[in-house]
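Structural features, examined
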Amino acid sequence: MSGIHPTALVESGAELDATVEIGAYAVVGPHVRLGPGVVLRPHAIVTGHTQIGAETVVHSFACLGEQPQVLHYKGEKTHLVIGERNAIREYVSIHPGTAEGGGTTSVGDDNLLMIGMHVGHDCQLGSQLVISNNTQLAGHVIVEDWAWISASSGVQQFVRIGETAFVAGASGVMQDIAPFSWAQGHPARVLRPNKIGMERRQFDKAQIDALDRAFRILFRSRQRPEAAFAQVRRDLPDSAEAERMVAFLEKSERGFARLR
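Presented here is an overview of the structure given in this document.

Here's the deal with the sheet that holds strand 22 (residues 154-155)
A sheet is described by the order of its strands in space; here 9 strands give the open sequence 1-4-7-10-13-16-19-22-25, paired in parallel fashion. Here the strands that pair on one side only, and so sit at the sheet edges, are strand 1 (9-10) and strand 25 (172-173).

A closer look at the packing of helix 2 (residues 205-220) against helix 4 (residues 240-250)
Where helix 2 meets helix 4, the axes come as close as 9 Å, and the angle between the chain directions of the two elements is 30°. Taken together, helix 2 and helix 4 sit at an angle that is classed as roughly parallel. The hand of the helix 2/helix 4 crossing is right-handed. Across from Q207, L211, A214, F215, L218 and F219 in helix 2, the residues of helix 4 making contact are E241, A242, M245, V246 and L249. A breakdown of the residues in the contact of helix 2 with helix 4 according to their chemical character gives 9 nonpolar, 1 polar and 1 charged.

Quick look at the side chain of S60
The residue S60 is located in the loop between strand 9 (57-58) and strand 10 (63-64) in this model. With near-sequence residues (within four places) excluded, S60 lies in contact with R41, P42, A44, E90 and Y91.

Looking at the pairing of strand 14 (residues 104-107)
As paired elements, strand 11 (residues 79-82) and strand 14 share 4 bridges and run parallel to each other. Across the sheet, L80 pairs through a bridge with T105, a residue of strand 14. Sheet topology places strand 14 next to strand 17 (residues 124-125); 2 bridges connect them, and they run parallel. Across the sheet, S106 pairs through a bridge with Q124, a residue of strand 17.

Definitions and limits used
- Residues numbered from 1 in each chain as written.
- Predicted model: local features only at pLDDT ≥ 70, side-chain atom pairs only at ≥ 80, totals over all residues.
- Heavy atoms only, no water.
- Pairing = 2+ DSSP bridges.
- Helix = DSSP H or I, 4+ residues; strand = E, 2+ residues; numbered from the N terminus.
- Axes fitted to C-alpha atoms, helices over the stretch in contact; angles between N-to-C directions.
- Parallel < 35°, antiparallel > 145°, perpendicular 65-115°, else oblique.
- Left-handed = near helix turned anticlockwise from the far one by under 90°.
- Contact = heavy atoms within 4.5 Å.
- Nonpolar A, V, L, I, M, F, W, Y, C, P; charged D, E, K, R; others polar.

Right, here's the structure in full:
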């Protein structure tokens with residue numbers, strides 16, 4: 001394959017589309033599958049049972065698919081599945097799943113994972129995410145579509161970050177972050193609706209107004225959560241986004257971040 005630099009190491013058994021490009025000194029393990037147009041920059045490492053979707057670019061010194069950082073891992077066959085058109089920047093590390101956690105770490109499509117960030121075992125990342133430099137996601141973290149996590153934040157294991165949520169820089173996320181909200185601090189607390197994120201998704205005024213109303217009920221009314229959930233459903237029966245916000249919070253097992 002003409003797109004593979006002569007100094008790259010591609011082990012026997014790897015499945016590579018004919019359009020893959022692999023730079024100098026990159027390493028590809030024997031169980032790796034690379035889709036059409038995937039690019040590995042010089043010194044990138046992809047190993048383990050890792051699958052990467054079309055047009056994803058893995059930059060120099062990123063390490064994908066190496067064994068998870070967990071004491072009970074004993075070499076089980078687990079997986080890392082990465083979608084299409086992702087930009088995985090320098091020194092990013094992403095680990096596969098564990099048998100106890102379902103066996104697969106997954107990353108969706110069209111994400112920007114910036115320099116030095118880490119995705120731990122059994123994480124489930126959606127699509128259209130921006131996760132900034134040196135952010136660390138512990139095992140079993142869920143990040144829903146269109147979320148944005150700013151630089152040097154840390155997310156505790158089993159925490160969920162909802163769709164279109166924004167986490168400000170250097171935050172310590174120890175509880176779930178509601179969809180469509182802006183959170184920051186250590187520990188992270190919600191401050192306000194993430195209207196910038198809604199506008200980026202081209203939500204119309206009615207959608208944004210409904211979510212603003214839902215936020216005020218959920219976080220400013222001083223009701224117990226169950227009562228606030230019921231009021232949102234009574235007051236905003238036609239808002240699919242408000243319903244998703246409530247449904248997310250209802251499923252919280254670690255509790256969700258409250259108003260600062």
